[in-house]
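# Observations on chain architecture
These are the residues of each chain, in order.
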Amino acid sequence: MDGTVAWLEKENLQTEKCSENLYSVTSIQEIQHYVEMASRVIAPLGPITEFAARNPWQGLENHSFTAVAKWLKETHHVDILPSAALLKDAKNRGEIHASILKNTLEKWLDHQSFHLPNELVRNFCNSALEFDELPPHILDDPDIKILAEDLSYLRWPVKMNRRVQSLSFQVTEKLGVQIAEELNRQMMKWCKLYLGKDEAKWAMPHSQNGFYQAWRRLAPYDPELTRSQRQLVKNCPQEATEALQEALLALKIPSHQVQEYLEAHLLSLPGWAGMLLWKSQEFPETNLLLIDYLAIRISLERILLQPYLPLSLETTEEYFDLAYCMAAWYMWANFPIQAWKSLSISEQREYMKLAYCFNDLVRRQMGLQAWEKTYEERLKMNILPMSDEAIIEEKSMAQWAFCIDTRSEPFRRALEKAGPFETIGVAGFFGLPIETYELDCHHGHASLPVILKPKHRIMEMASPDEWARYKSRKQAKQLFARIFKNMKQNMLASLLLPELSGPWLSVNMLARSFFPNGAGRLWKKVHHHWMSKPSTRLSLDFMQDESKLPMGLTDKEKVNYVRQSLQLMSLTDNFSPLIVICGHGSRSTNNPYASALDCGACGGASGSFNARVLAMLCNQSNVRERLATEGICIPEHTVFVAAEHITTFNEIRWLYVPELTDEAKRAFHRIQEVLPKVSEIVNKEQIARLPNLNFYSANSQKMIQRFSEDWSEVRPEWGLAQNAAFIIGTRKLTKAGNFGGRVFLHTYDWQQDKDGTILSNIIAGPATVAQWINLQYYASTVAPHYYGSGNKATQTVTANFGVMQGNASDLLTGLPWQSVMKSDYDPYHAPLRLLVVIEAPYHYVENLLIQDVTFRQKIENGWIRLASIDEKGHWINWFNSIHQASAEFAAKEGLYE
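Below is a summary of the structure that appears in this document. Just so we're clear, the structure is a prediction, and the values are computed from it rather than from any experiment.

Next up on the list: the environment of Glu350. Looking at the element boundaries, Glu350 is found in helix H18 (residues 345–357). Taking the C-alpha atoms as reference, Glu350 lies 7.0 Å from Leu116; in sequence the two are 234 residues apart. When residues no more than four places from it in sequence are discounted, the contact partners of Glu350 are Phe114, His115 and Leu116. In terms of polar contacts, Glu350 uses its side chain to reach the backbone amide nitrogen of His115, at 3.0 Å.

Further remarks concern the sheet that holds strand S4 (residues 445–446). Across the sheet, four strands lie side by side as S4-S3-S5-S6; this open sheet has mixed pairing. Where the open sheet ends on each side, the last strands, each with one partner, are S4 and strand S6 (537–538). Sheet topology note: the strand S5 (residues 456–461)/S6 ladder contains two bridges and is antiparallel. Pairing of Met461 across the sheet is with Arg537, part of S6. Taken strand by strand, helix H26 (residues 608–619) contacts strand S3 (434–437), S5 and S6, and its axis lies near 110° from that of S3.

Below, the discussion takes up the pattern of salt bridges. Two side chains carrying opposite charge are able to pair once their charged atoms lie near each other. Inspection of every chain in the model, using the stated rule, returns 39 salt bridges. For Glu717, the salt bridge goes to Arg407, with nearest N and O atoms at 2.8 Å. Taken together, the residues Glu717 in the loop between helix H29 (700–709) and strand S10 (725–729) and Arg407 in the loop between strand S1 (398–403) and helix H21 (408–418) connect sequence positions 310 residues apart. Using a relative accessible area of 5% as the deciding quantity, one classes Glu717 as buried. A residue is classified by how much of its surface remains accessible, and Arg407, at 10% relative accessible area, is buried. Glu644 serves as the salt-bridge partner of Arg587, at 2.9 Å between the closest nitrogen and oxygen. Of this pair, Arg587 sits in the loop between strand S7 (578–585) and H26 while Glu644 sits in strand S8 (residues 639–646), and the two are 57 residues apart along the sequence. Arg587 sits in the partly exposed class, given a relative accessible area of 27%. Through salt bridges with shared partners, a single network forms among Glu372, Lys373, Glu376, Glu377, Lys380, Arg833 and Arg865.

Once that is clear, we can look at the packing of aromatic side chains. Taken as a whole and judged by the stated rule, the model has 27 aromatic pairs. With centroids separated by 5.9 Å and ring planes inclined at 40°, the aromatic side chains of Tyr212 and Trp215 adopt a geometry described as tilted. Here Trp215 and Tyr212 lie together in helix H11 (residues 211–218), a separation of three residues that amounts to about one turn. Taking relative accessible area as the criterion, Trp215 reaches 0% and is therefore assigned buried. With 3.8 Å between their ring centres and 5° between their planes, Trp718 and Tyr828 make a pair best called stacked. Within this pair, whereas Trp718 is found in the loop between H29 and S10, its partner Tyr828 is found in the loop between strand S13 (802–805) and strand S14 (835–839), the two being separated by 110 residues in sequence. A relative accessible area of 7% means that Trp718 is categorised as buried. The rings of Trp57, Phe65, Tyr778, Tyr786, Tyr787 and Trp863 are connected pair by pair, giving a single aromatic cluster.

Rules used in this analysis
Residues numbered from 1 in each chain as written. Predicted model: local features only at pLDDT ≥ 70, side-chain atom pairs only at ≥ 80, totals over all residues. Heavy atoms only, no water. Helix = DSSP H or I, 4+ residues; strand = E, 2+ residues; numbered from the N terminus. Contact = heavy atoms within 4.5 Å. Polar contact = N/O pair within 3.5 Å; in protein donor to acceptor, adjacent residues only side chain to side chain. Pairing = 2+ DSSP bridges. Axes fitted to C-alpha atoms, helices over the stretch in contact; angles between N-to-C directions. Salt bridge = Lys/Arg side-chain N within 4 Å of Asp/Glu carboxyl O. Buried < 20%, exposed > 50% of the residue type's maximum accessible area, 1.4 Å probe, protein only. Phe/Tyr/Trp six-rings, centres within 6.5 Å; stacked < 30°, edge-to-face > 60°.

Function cannot be inferred from these measures alone, as they are strictly geometric.
Written as structure tokens, this is what we have:
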């Protein structure tokens with residue numbers, strides 16, 4: 001208790017000494033600016049039903065990866081580098097080559113200056129690079145602690161990021177009063193109420209007036225607050241910005257620390273804050289939602305801290321840990337503890353300097369760089385440019401346009417070996433900026449990457465008679481579902497519901513549990529018989545209406561989008577008789593992350609709709625005639641069809657097959673003959689990668705389908721785990737290689753891109769989406785408890801927009817444990833930053849970096865790695881010079897020196 005009083009007295013004294021003008025009132029405009037700037041530390045989080053890859057550090061890419069890793073570690077205890085255990089495991093598996101790790105160390109030593117024998121320095125560093133953790137019994141050794149006190153004169157201040165934590169966190173840390181935890185719990189409650197208002201039976205009152213207004217009206221009746229606290233809520237200002245301004249002033253937050261203080265609060269619950277940020281960006285009427293959130297949070301903090309006010313933010317000078325340095329020498333150089341006393345003061349300082357400079361953060365970053373370089377060297381060996389004669393043994397009967405998704409690579413490889421087929425890689429939305437409306441769907445889906453906005457609406461329609469029959473069946477299904485839901489939520493009817501539904505649900509549960517394949521097939525047959533869609537057409541032609549987005553496309557727009565799509569595929573001549581536009585989607589049961597396995601280029605949905613639209617446009621005679629005048633002549637015998645690649649069990653589902661010419665029919669029949677064998681080959685490869693299979697079936701198709709039908713299966717497929725590279729080039733560059741489903745493959749022929757526009761579009765669109773996917777998997781692996789979403793088995797789906805752990809937690813932002821790990825201790829995904837490889841002459845890539853400042857910044861700051869292959873087949877590593885610059889920058893930032 002005496003310690004508590006002393007700390008409070010110290011805080012009050014510091015507060016009284018501070019000048020008044022330090023806490024001058026921040027203007028409304030400044031508050032809004034600070035909120036906007038602070039939001040860069042979180043990423044917008046969309047609903048899980050439309051799962052879209054998100055880069056957790058999107059707003060921080062103007063800083064180096066090294067600096068962000070250091071800042072997050074020091075200020076928020078979030079570690080975004082692979083753990084020593086993960087690196088050791090990779091090294092033992094041969095994924096980190098010893099010679100590459102040694103070269104990485106030598107480059108680091110070139111930037112250092114230690115007055116110690118070279119052999120001693122290298123022995124210490126090499127031993128530390130075995131990635132063994134310092135055992136707790138060494139760190140806690142009393143002899144080390146005593147000696148560290150004796151050598152305290154060796155301490156010098158360390159340049160650290162200023163750590164700004166909320167006052168509620170400081171009170172919790174100093175006094176043990178769980179105010180920070182209570183504040184988080186309160187905010188989780190109010191965020192759930194507000195964001196869940198559309199799904200809840202009883203919507204949050206006053207929510208139509210905004211988040212802050214609803215809280216201000218309801219919180220005075222919250223029984224979890226005391227009477228005095230409820231009175232303080234009533235006294236809060238009418239407007240959210242004024243409330244935030246008043247709360248910051250009452251807490252005595254210095255003007256120069258307001259932004260960092262807001263950042264600390266946003267990072268306390270980055271999931272809920274990220275969802276509100278997404279909503280504020282998507283819906284103009286809620287553009288001030290993040291201000292509402294911070295106004296509520298900091299007003300509540302002020303109310304909860306009332307008994308402890310006034311307080312002031314602490315700023316302390318950090319010193320490096322002598323005990324850690326001595327433990328490191330003992331561990332990695334077998335240097336006796338007592339031997340420190342025999343060293344001179346200058347020698348002691350040099351020993352300490354080496355242990356401090358070669359700290360845990362530096363050696364793990366070095367391990368990551370070596371891991372990435374090892375993968376790059378192996379990728380170089382796998383990329384074998386083939387001559388045109390070796391590739392074109394016979395003319396292709398069919399050309400397939402697949403999504404660049406890493407799961408397409410094994411299927412493309414098997415398909416090309418099965419017959420005279422050519423495959424093409426392109427972003428799965430096929431360059432169509434459309435919002436899709438499926439039959440009888442009143443809400444559209446933006447079927448394109450989240451970095452873009454749709455420009456057109458495309459609707460699925462049926463004939464009036466077929467539509468009426470389908471609608472009546474669908475209404476009957478919806479009526480039954482609505483009655484069931486209402487009975488569950490009604491106090492009296494819910495008592496009767498188990499008696500009525502119990503037998504049927506029990507039979508369904510037993511069948512789904514013990515016979516997942518049979519039950520799944522039976523349910524599909526019943527559903528198909530009852531709810532089968534009628535034949536439909538698409539609203540491709542332009543129609544004038546009053547909606548925000550125009551319906552359909554004009555003739556000029558049709559030609560433009562088809563031309564752009566064909567150019568992105570480098571498919572402007574040598575057309576085969578049959579061209580398959582193939583989207584992709586996934587199938588799984590009882591899986592809240594189902595959309596995470598669909599097409600990332602289509603906003604977390606199947607790419608089938610876009611494939612169908614493009615194929616139909618390419619078959620229109622007026623489009624072909626106009627393209628012919630521009631030099632793109634599609635032969636009359638060439639027919640475009642649409643299909644969907646189901647990635648869970650690697651089947652092809654035909655979506656749109658118009659009348660075929662004789663040549664196209666022969667190609668189509670040949671495809672039908674080889675597809676079963678292709679699926680079998682790819683499924684066997686996929687099964688071999690899935691963990692913990694306690695049984696084996698000779699029928700790989702049956703076995704793999706069980707994963708999609710079994711509602712207890714936590715890992716229906718691996719998705720995009722293990723993704724590591726993005727290759728932009730001709731197919732002859734990669735056709736001979738086996739990339740193990742780890743590479744995004746985008747077709748590109750620089751000879752058809754005279755001004756570099758196509759390459760710029762690929763980098764700005766597909767490559768950016770691939771980077772977001774890569775960093776999401778990376779973050780979910782290295783920091784699963786902060787950027788991931790934990791164990792699927794203990795998750796709770798919240799109002800159909802996200803998941804929590806248990807019934808109260810932050811809204812989880814990333815991928816579940818089962819998407820990146822084989823088991824609790826056995827990783828599957830290798831957390832490597834994306835390597836972009838471009839097949840193009842040196843000056844193409846150089847011009848790209850000059851024109852695309854954002855892309856260049858990502859490379860300079862270490863968020864992406866870049867290599868290219870010139871016209872002579874030479875590998876150019878653009879990251880080498882960037883790595884050196886990054887090392888020099890890190891040294892200046894105090895990481896290395």
